[in-house]
4 protein chains.
Amino acid sequence: MTKSGVKKVVLAYSGGLDTSIILKWLEDTYGCEIVTFTADLGQGEELAPAREKALKMGVKPDNIFIDDLREEFVRDFVFPMFRANTLYEGQYLLGTSIARPLIAKRQIEIANMVGADAVCHGATGKGNDQVRFEVSYYALKPDVKVIAPWREWEFEGRPDLIAYAKKHGIQIAQGKEQAAPFSIDANLLHTSSEGLALEDPDVEVPDIVSKRGDRRTITPEEAPDQAETVTLSFERGDLVAINGKPMKAHELLAELNRLGSKHGIGGLDLVENRYVGMKSRGYYETPGGTILWYGHRAIEQITLDRGAAHLKDELMPRYASLIYNGFWWTPERVMLQAAIDASQGSVAGDVKLKLYKGGVRTIGRSSPYSLYSKALVGFDEAGGYNQADAEGFIKLNALRLRILAERDKKRGKNE
Amino acid sequence: MTKSGVKKVVLAYSGGLDTSIILKWLEDTYGCEIVTFTADLGQGEELAPAREKALKMGVKPDNIFIDDLREEFVRDFVFPMFRANTLYEGQYLLGTSIARPLIAKRQIEIANMVGADAVCHGATGKGNDQVRFEVSYYALKPDVKVIAPWREWEFEGRPDLIAYAKKHGIQIAQGKEQAAPFSIDANLLHTSSEGLALEDPDVEVPDIVSKRGDRRTITPEEAPDQAETVTLSFERGDLVAINGKPMKAHELLAELNRLGSKHGIGGLDLVENRYVGMKSRGYYETPGGTILWYGHRAIEQITLDRGAAHLKDELMPRYASLIYNGFWWTPERVMLQAAIDASQGSVAGDVKLKLYKGGVRTIGRSSPYSLYSKALVGFDEAGGYNQADAEGFIKLNALRLRILAERDKKRGKNE
Amino acid sequence: MTKSGVKKVVLAYSGGLDTSIILKWLEDTYGCEIVTFTADLGQGEELAPAREKALKMGVKPDNIFIDDLREEFVRDFVFPMFRANTLYEGQYLLGTSIARPLIAKRQIEIANMVGADAVCHGATGKGNDQVRFEVSYYALKPDVKVIAPWREWEFEGRPDLIAYAKKHGIQIAQGKEQAAPFSIDANLLHTSSEGLALEDPDVEVPDIVSKRGDRRTITPEEAPDQAETVTLSFERGDLVAINGKPMKAHELLAELNRLGSKHGIGGLDLVENRYVGMKSRGYYETPGGTILWYGHRAIEQITLDRGAAHLKDELMPRYASLIYNGFWWTPERVMLQAAIDASQGSVAGDVKLKLYKGGVRTIGRSSPYSLYSKALVGFDEAGGYNQADAEGFIKLNALRLRILAERDKKRGKNE
Amino acid sequence: MTKSGVKKVVLAYSGGLDTSIILKWLEDTYGCEIVTFTADLGQGEELAPAREKALKMGVKPDNIFIDDLREEFVRDFVFPMFRANTLYEGQYLLGTSIARPLIAKRQIEIANMVGADAVCHGATGKGNDQVRFEVSYYALKPDVKVIAPWREWEFEGRPDLIAYAKKHGIQIAQGKEQAAPFSIDANLLHTSSEGLALEDPDVEVPDIVSKRGDRRTITPEEAPDQAETVTLSFERGDLVAINGKPMKAHELLAELNRLGSKHGIGGLDLVENRYVGMKSRGYYETPGGTILWYGHRAIEQITLDRGAAHLKDELMPRYASLIYNGFWWTPERVMLQAAIDASQGSVAGDVKLKLYKGGVRTIGRSSPYSLYSKALVGFDEAGGYNQADAEGFIKLNALRLRILAERDKKRGKNE
């Protein structure tokens, strides 16, 4: 007997073993019509096989959606996030988090198109992704039904899943019968690795992770002995060209990834705080994003006013947490984005970065809108800066502290 | 005729040409008794000559103060600042800024001891240091008279100064007749270079700066081809041992400097926003501080609660600006310090860092107070984490967003 | 058959109908030993009957705990909160929220004393109180079992509860068979009313609520035509005397309640955002707290430095949300409290307030530690304030904006 | 001999004695052409006489500018500020501060029109207004020359000024020879009183201030014994109608002033922290603004999402300080405004307020965009709120605290 109440579900479907099992389980459990949605976010896998597999699993051709979202991903999610110089917990570039609101948005759009009443994702019950997907679903389609198989089904471990797959004739790729020693999530911005092989935070990330075949970046030790200088061009806070060559947003990020990977940039071993409450250790590879972060900081150094820069820095941790926790589609994220975007109008110009052995060093920045240019230094002579002004500036800034010290002296207070 | 109103002044005196000229100028201009104060903050210069020079300039032996402040500097200023993972404008470790409040404090203590009514510093009229010194002076001794020669005297350039020095028989070391192509500030935490040779932010820091004889760190390209792993031990948020060897605070920082310098760590080319209003380009070398920053972040990763960690990250930019601007001796800095320190009680344990070609990578962390340990993961079984809880967690976190979406749907709002 | 796994439970027991039903239901459902805990937080009910009722319900004398927590409540919870001038969503004095962490703390202390493995509260499943209690329980005793009857039992409405009570011989006071048109929570700081009679936020709070017999404050219209002036004395940020008369903390608050109630002060009709996601309308009566808020603001006006004052104002909304949401026993609340408390050392002196027809007006403030006193104004003459300083102060504060305007002019930017 | 370097100056000219003296002094001192600018911001004085006086002082007709800025003032400055529920230091509605950027903007526009190279204001050298004017001037016209007569001239007190006026045939209105016991600033939003009669913060505001002829509001004691209910209608966060009657922005504020004044609303006795460093005591009358503040809060209660509401509350103190300090025309104020405005799209509906004896009480609010409406409460049944969800919500919110408590227990830590 099937669970009731779901007529048509849009499943985020990769074509892999896990989501294939989910597809079958949805049919078994809900007896509903199934629509698959497979997105290209630059994870580096071919999508064509996903169509074949879905067809083979019995999904109707009209119910198979395969979308290339790479440009939208970088243009509307990655770049806006980098405008804020976003780092979660001081170090993490949020590569997984930032992809979730787009996947959820597209999934809901498809649900609306095909008249589906439910959506389903393959995230586990202990991680952040379930939150990011589901909060986004609800924010975009408040009456949607959400199916989270990993929290619902009765399978108790890998063997149960494999048995179920075999029973239903689902193809099991070689080596997939055993649980992987670590799990991977990838998109154009980054690759994250988590799990068994990484579970002791006192043991260095093992080679099977950091030197695996499909890694995103090499280790600094493997990188060339020769530094390479790259020039990034920005407009309105966004990257628009590399070494003078304009490209689409996703092409720019791909090119940065190529450069970063070549020089061993962007590997990060981190223990972070999950929104669901526990600490988690991951190994993140964000070669292009790391370069972009330094580049954006560098162009802001000469084009952004101090007041705007400091306000941005103060708002950033909050903004980062919202993205990490899955609250992209919220009024408060929109408010912060409005503030951030309002600061970026003149964040334009060129930045020169030196890439070497895992490091990114700013070595030059120029801009038609520079607040540092010699013409502006010359401004001084026209009265912009008069050394004598410093005295008054200091005196009035210190006045409250002098009054305070006078008071405390009278009081006999020593602190 | 001398300016009136100053009887005895405490001068921050390095023994160099500039402060020697100031010493003479003070006598000439104010006709007051002069007390010199020379501090060892680990800038790497011998202090003994300063005494000789002061004597030669006619300062009374009892009026010469030479203090080794290195331990106090690291213990009471550098370490508290690193508890907050402090970075100004996202990248700068505040090496110059953090030394100023201590120098000012000691200068005022001496003024109180010797009954001086004035203090004098040698910072120029366009920089931040004048603010940092003077705001600190006023906060600690509200009725003090402050003499800032660079803002007061009539000398209009280097030739005037040199002429004055010659006229008064002040010894001029070789090469000091011309203005230096860049100026340097140094202490145990860092060395900063600023000025002419660095004034075009689009031109890479030249070798005369980055490869000068007394540099604090080498370039990544010069560093050894072999990575080195170092273990840092923390207690209550402060570094207490390196590779298992406990040392005093200032010895620890010196050892980190040695390690960082060897591996080309801690060079930073930055354009920053000065408190007095303009942008400024500097080259900063903070080898030990850079390692310490990564180490402290790493130990916090496993020992600090998420709520505390995120609050710290949100408060940090404000705290950094206060230090950069010279407001160490203020109630608001004290308040922020109280909050930060209240979070550090269990920030203890060992961190393993890999140093290589300018980079610092965390490769392990352990702690008796870990919030990540296996014992705590085992906690799950006792009911700590139940996958089913995630559904309620998500549903209630999403509730307001569902209500909002329902409202906006009715309204026909598309955004 | 009873649920397993609970041996001894500490129940927050008021002696009323609802918690009596819970007591019985616990026995029936869990078959465990029951300990009752009844606290006097100044809610205005006699506690003696609670003992009688518990005995009658079969609780062992040693298992009945009745504690007068009024002093601890005001001294360690209410006063610390008022040091921050705390208001939730700009207007609410958090009267209910601030009592919860104390009740939870005492309940856990008792659980530890008697060796109980579980605690139970009577808060419903739609409100904030369940969160506040349970988060506190878990934070103080991580392995405790929490029983929340309203979320667990199968009763579907008032009639089910009444039937159950009758079946078990629980005494039902007159008028209690029907659901009340609104529910009340009370303690020494405030009374809140919520529910049916208040559910339309466009309809004025009805007289059955605002003019009920046991109301905490009268309406402004009912208040005397004559204003009354009261003097509050503070030390270290806390109220210590009223009209020159020192009293214990809880006596002070009681006296402020008497004064506020007499003058119709402290009624608030509010729609607020609950932590569990929906909006809720309540009518809050906080007569003494309202007076205290104005008094504390007034004494800070003359004794608190601007830097401290502004930082406090910026931290306050976060602090208020933490308390509202039930996160008193968290590292981040402790951090904020440390910051707030660090600012209060000189917040001392006398404030005169005029009470009239619902309003509180500050009409005077004085302090031995005033930062405003004439002696300090006289300080000006000694050089504290020189009008000429203003020019430099303005010029350097404006410098970055001039550079920016110059840039934008060149750019032809009109905004 | 006149000071050199100024050719044409735009003077903010009220037509009163002080600015007439300034007009003459400018001629004498700078020998430059003078343009007068008189603005109507609703201060309640006739402007026609200003033209007559300027002509009589010898100003050319083409050089006299008299502008009615009331609508622009309320629409583009007051209303945007109230969208943020702005209060400086918890209580002050910023009536003086918010007028300054508009006056400065118009003055600079006129300077650009007439080709003036300088501007002049009549604010004193100890207050905030000089900062607000001059920072705005510089931000809008970076090369402008600023003349601040009160900081420049040699007059040492009132008698000097009067003598100068007499010498130059400037008409002295009766009673103006002596310094006023307090000074007043007025516009459509408020009236502020400061000075001698108010200088002891422990003495109640005297009747000559609070009961003067041209006061903006009466005292609560004088107000009618009958409460009055008023309905305010909002669109996109701004007031659009009173009691159902749409009016222009400045007419709305005038009508609120009439209502507030009638009921004794909006008087505030405050000691605040000036930007120039000292504390200052003022008496502020903001009758309409006070009503508007409560009205805006009330409509946000039902139409604004929690996330947006809390973020706004956290940003507000910073935004208030920017306005108070005179930094309206800055990137950071623009950023905050962008965030605030992005939250106001659905802040629309009606609010009922009861005005009585100085108090404003919200008694009802309704909105087509309510997030509270019964239709949305009904939403629950469709799965919006399930009591069982609360358990998971609480458990995961508490998880980090349980882990922490477990750790601290092991550690033997008692705090």
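Residues numbered from 1 in each chain as written. Chains lettered and ligands numbered in written order. Predicted model: local features only at pLDDT ≥ 70, side-chain atom pairs only at ≥ 80, totals over all residues. Heavy atoms only, no water.

Chain A is annotated in an unreviewed UniProt entry as Argininosuccinate synthase of Terricaulis silvestris. The UniProt entry for chain A carries the following comment under Subunit (unreviewed entry): "Homotetramer." For chain A, the Sequence similarities (unreviewed entry) comment in UniProt is given as "Belongs to the argininosuccinate synthase family. Type 1 subfamily." (UniProt positions renumbered as here; feature names shortened; annotations may be inferred.)

A. Region of the structure containing the interface of chain C and chain D. Taken together, the contact pairs 88 residues of chain C with 88 residues of chain D. Both faces combined, the contact of chain C with chain D buries some 8,000 Å², and carbon together with sulfur accounts for 53% of it. The residue Glu-314 of chain C makes a salt bridge to Arg-318 of chain D at a minimum N-O spacing of 3.8 Å. Inspection of the chain C/chain D interface yields 48 residue pairs in polar contact (both at pLDDT 80 or more). Among the elements that take part in the side of chain C that touches chain D, helix H14 (residues 387-411) of chain C stands out by supplying 15 residues, more than any other. Counted by class, the side of chain C that touches chain D contains 39 nonpolar, 16 polar and 33 charged residues. (Contact = heavy atoms within 4.5 Å. Buried area = accessible area lost by both parts, 1.4 Å probe. Salt bridge = Lys/Arg side-chain N within 4 Å of Asp/Glu carboxyl O. Polar contact = N/O pair within 3.5 Å; in protein donor to acceptor, adjacent residues only side chain to side chain. Helix = DSSP H or I, 4+ residues; strand = E, 2+ residues; numbered from the N terminus. Nonpolar A, V, L, I, M, F, W, Y, C, P; charged D, E, K, R; others polar.)

B. Expanded view of the sheet that holds strand S10 (residues 245-246) of chain C. Residues and elements named next belong to chain C. Here we have 5 strands laid out as an open sheet, ordered S10-S9-S8-S13-S14, and antiparallel in their pairing. The open sheet terminates on both sides in strands that have one partner only, identified here as S10 and strand S14 (359-366). Pairing geometry for strand S9 (residues 238-242) and S10, over 2 bridges, is antiparallel. Its bridge partner lying in S10, Ala-241 is registered against Pro-246. Strands in contact with helix H9 (residues 249-262) are strand S8 (228-235), S9, S10 and strand S13 (349-356); relative to S9, the strand with the most contacts, it is inclined by about 70 degrees. Running at roughly 30 degrees to S14, helix H10 (residues 287-303) makes contact with S8, S9, S13 and S14 of the sheet. (Pairing = 2+ DSSP bridges. Axes fitted to C-alpha atoms, helices over the stretch in contact; angles between N-to-C directions.)

C. A look at the pairing of strand S3 (residues 64-68) of chain D. Residues and elements named next belong to chain D. One ladder, built from 5 bridges, connects strand S2 (residues 33-40) with S3; its direction is parallel. Across the sheet, Thr-38 pairs through a bridge with Ile-66, a residue of S3. You can see the chain leave S2, run along helix H2 (residues 48-56) and come back into S3, and the turn it takes is right-handed. (Right-handed = clockwise from strand over helix to strand, strands pointing away.)

D. View of the UniProt feature "binding site: L-aspartate" (unreviewed entry) in chain A. Residues and elements named next belong to chain A. Summarizing the sequence annotation, UniProt attributes the feature "binding site: L-aspartate" (unreviewed entry) to Thr-124, Asn-128 and Asp-129 in the numbering used throughout. Along the chain, the position of Thr-124 falls in the loop between strand S4 (118-120) and helix H5 (129-140). When sequence neighbours within four positions are dropped, the list of residues in contact with Thr-124 reads Gln-130 and Trp-150. You can see Asp-129 is positioned in helix H5. Within the structure, Asp-129 has its side chain in polar contact with the side chain of Arg-132 (distance 2.7 Å).

E. Molecular detail of the domain arrangement of chain A. We note that the domain assignment places domain 1 (8-69 + 96-168), domain 2 (183-303 + 346-366) and domain 3 (373-414) within chain A. Between domain 2 of chain A and domain 3 of chain A, the C-alpha centre-to-centre distance is 41 Å. (Domains from an automatic or database assignment.)

F. Structural detail: the relation of the copies chain C and chain D. When chain C is fitted onto chain D, the two copies agree to an RMSD of 0.0 Å after a turn of 180 degrees and an axial shift of 0.0 Å. Overall, the copies show the geometry of a two-fold rotation axis. By residue overlap, the copies meet face to face through one surface: 100% of the interface positions of chain C are interface positions in chain D. (Least-squares fit on C-alpha atoms with pLDDT ≥ 70 in both.)

G. Structural view of the nonpolar core. Ranked by internal contacts, the top residues of the largest apolar core, which has 400 residues, are Phe-73 of chain A, Phe-73 of chain B, Phe-73 of chain C together with Phe-73 of chain D. Contacts of Phe-73 of chain B, omitting those with residues within four sequence positions, involve Leu-41, Val-78, Ile-98, Ala-99, Leu-102, Asn-187, Leu-188 and Leu-189 of chain B. With 27 residues, the next largest nonpolar core counts Leu-11, Tyr-30, Trp-153 and Ile-170 of chain C among its residues. (Core = buried A, V, L, I, M, F, W, Y, C linked by side-chain atoms within 4.5 Å. Buried < 20%, exposed > 50% of the residue type's maximum accessible area, 1.4 Å probe, protein only.)

H. Region of interest: the interface of chain D and chain B. Taken residue by residue, the interface counts 34 residues in chain D and 34 residues in chain B. Across the interface of chain D and chain B, roughly 3,300 Å² is buried in total on both sides, 58% from carbon and sulfur atoms. Note that Arg-400 of chain D and Asp-305 of chain B form a salt bridge whose closest N and O atoms lie 2.6 Å from each other. Among the secondary structure elements, those contributing two or more residues to the side of chain D that touches chain B are helix H11 (306-325), helix H13 (374-378) and helix H14 (389-411) of chain D. Taken together, the residues that form the side of chain D that touches chain B break down as 12 nonpolar, 9 polar and 13 charged.

I. Molecular detail of the packing of aromatic side chains. Throughout the structure, instances matching the rule amount to 58 aromatic pairs over all chains. With centroids separated by 4.9 Å and ring planes inclined at 55 degrees, the aromatic side chains of Phe-155 of chain A and Tyr-164 of chain A adopt a geometry described as tilted. For Tyr-164 of chain A, a relative accessible area of 9% translates into the label buried. Ring centres of Trp-25 of chain D and Trp-153 of chain D lie 5.6 Å apart, and the angle between their planes is 85 degrees; on these two criteria the pair is classed as edge-to-face. On the criterion of sequence distance, the pair formed by Trp-25 of chain D in helix H1 (residues 17-30) and Trp-153 of chain D in the loop between helix H6 (149-152) and helix H7 (158-167) is long-range, its members being 128 residues apart. Residue classification places Trp-25 of chain D among the buried positions, given a relative accessible area of 7%. Lying across the ring of Trp-328 of chain A, Arg-333 of chain A places its NZ or CZ 3.5 Å from the centre. (Phe/Tyr/Trp six-rings, centres within 6.5 Å; stacked < 30°, edge-to-face > 60°. Lys NZ or Arg CZ within 6 Å of the ring centre and 35° of its normal.)

J. Structural detail: the confidence of the model for chain A. Here chain A averages 94 in pLDDT, and 96% of its residues register 70 or above. Per-residue pLDDT stays below 50 along residues 377-383 of chain A; that stretch engages in 9 contacts with residues further than four places along the chain or on separate chains. (pLDDT = per-residue confidence, 0-100.)

K. Highlighting the side chain of Arg-212 of chain C. Tracing the sequence through the fold places Arg-212 of chain C in the loop between helix H8 (207-210) and S8. Residue class for Arg-212 of chain C comes out buried when judged on its relative accessible area of 8%.

L. Geometry of the environment of Ala-338 of chain D. When you line up the elements, Ala-338 of chain D lands in helix H12 (residues 331-341). Along the backbone, Ala-338 of chain D and Gly-412 of chain D are 74 residues apart, and their C-alpha atoms lie at a distance of 49 Å. Excluding residues within four positions of it along the chain, Ala-338 of chain D makes contact with Ala-338, Ala-339 and Ala-342 of chain A.

M. Focus on the side chain of Ser-136 of chain D. Residue position: Ser-136 of chain D is located in helix H5 (residues 129-140). Once residues within four sequence positions are removed from consideration, Ser-136 of chain D is found in contact with Pro-101, Ala-104, Val-131, Gly-326 and Trp-329 of chain D.

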